[in-house]
Amino acid sequence: MIAPALTKNQTLVFDVLSHSDGPLSAYTILDKLRDHGFRAPLQVYRALDKLLERGMIHRLESLNAFVACAHQEKACCGAHGHGTVAFAICESCGHVVEFHDHAVDHRLDDWAKQRNFKPAKTTIEIRGLCETCAA
């Protein structure tokens, strides 16, 4: 099934996130898109919701911010083919690295199955210092 094309607003929001050096809040995205006709937070939130559904972006819960998915080739209609999404977030410079670990996926799947728990979404955020800031 081919996913429907992005709307103009979705494309603009995705482009801002794709070209950002770090995570952005909805209000920062709004500020960056004012010259493109964005006037209200609702315009940004609607676009973010659709991009999240399609698996093209991620919400960093602890930062209340958004990043473009680092694995676009595996994002399809909101379903990630690479399992649990995990992020390493530097508390000094704000750099975010998206990664995946099959062993963690298996451990979480086993835990859920043993307890007959049906997870809807799993996101792991590790906060600390990146290699550069720790040096």
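Summarised in this report is the structure supplied together with it.

Here is what the cut-offs are and how they apply
- Residues numbered from 1 in each chain as written.
- Predicted model: local features only at pLDDT ≥ 70, side-chain atom pairs only at ≥ 80, totals over all residues.
- Heavy atoms only, no water.
- Axes fitted to C-alpha atoms, helices over the stretch in contact; angles between N-to-C directions.
- Helix = DSSP H or I, 4+ residues; strand = E, 2+ residues; numbered from the N terminus.
- Parallel < 35°, antiparallel > 145°, perpendicular 65-115°, else oblique.
- Contact = heavy atoms within 4.5 Å.
- Nonpolar A, V, L, I, M, F, W, Y, C, P; charged D, E, K, R; others polar.
- Patch = residues over 30% accessible without salt bridge, like charges linked within 9 Å, V, L, I, M, F, W, Y side chains within 5 Å.
- Areas by Shrake-Rupley, 256 points an atom, 1.4 Å probe, with all protein chains shown as cover.
- Salt bridge = Lys/Arg side-chain N within 4 Å of Asp/Glu carboxyl O.
- Buried < 20%, exposed > 50% of the residue type's maximum accessible area, 1.4 Å probe, protein only.
- Pairing = 2+ DSSP bridges.
- 1 Å grid on protein atoms, 1.4 Å probe; cavity = no way out; pocket = protein on both sides within 12 Å on 5 of 7 lines; lining within 4 Å.
- Points joined across faces, edges and corners; volume = space filled by probe spheres on them.

1. Notes on the packing of helix 1 (residues 8-18) against helix 3 (residues 41-53)
1) Next: It is the contact of helix 1 with helix 3, at a shortest axis distance of 9 Å, that shows an interaxial angle of 80°. On the basis of their axis angle, the class for helix 1 and helix 3 is roughly perpendicular. Residues Asn9, Gln10, Val13, Phe14 and Leu17 of helix 1 form the contact with helix 3, whose own contacting residues are Gln43, Ala47, Leu48, Lys50 and Leu51.
2) Next: Its residues placed into classes, the contact of helix 1 with helix 3 shows six nonpolar, three polar and one charged.

2. Some remarks on a nonpolar patch on the surface
1) Next: Residues Tyr27, Leu42 and Tyr45 make up a contiguous nonpolar surface patch of about 310 Å² in total accessible area.
2) Next: Relative to the elements of secondary structure, Tyr27 occurs in helix 2 (residues 26-32).
3) Next: Residue Tyr27 is classed as partly exposed on the basis of its relative accessible area, which comes to 47%.

3. Topic: the sheet that holds strand 5 (residues 85-90)
Strand pairing in a sheet is mediated by backbone hydrogen bonds. Such pairs are either parallel or antiparallel.
1) Next: A sheet is described by the order of its strands in space; here three strands give the open sequence 6-5-7, paired in mixed fashion. Two strands bound the open sheet, and with one partner strand each, they are strand 6 (96-99) and strand 7 (123-128). For this sheet, the mean inter-axis angle between neighbouring strands, taken without regard to orientation, is 20°.
2) Next: Two strands pair when backbone bridges link them, and strand 5 and strand 6 are joined in this way by four bridges, in the antiparallel orientation. In the sheet register, Phe87 faces strand 6, and the bridge partner there is Glu98.

4. Digging into the layout of surface pockets
1) Next: Space inside the largest pocket adds up to approximately 480 Å³.
2) Next: At the level of elements, strand 1 (57-60), strand 5 and helix 4 (102-114) are the ones that each hand at least two residues to the lining of the largest pocket.
3) Next: A total of five residues in the lining of the largest pocket trace back to one element, the largest contributor, which is helix 4.
4) Next: Taken together, the residues of the lining of the largest pocket break down into ten nonpolar, eight polar and four charged.
5) Next: Computed from the structure, the second largest pocket encloses a volume of approximately 170 Å³.
6) Next: Around the second largest pocket sit 14 residues that line it, and Ser20, Gly22, Val67, Ala68 and Val96 are the ones nearest its centre.
7) Next: Where the lining of the second largest pocket is concerned, the elements lending two or more residues are helix 1, strand 2 (65-68) and strand 6.
8) Next: Residue contributions to the lining of the second largest pocket peak at three residues, all from strand 6.
9) Next: When the residues that make up the lining of the second largest pocket are grouped by side-chain class, the tally is eight nonpolar, four polar and two charged.

Any functional reading would require information beyond the geometric quantities listed.
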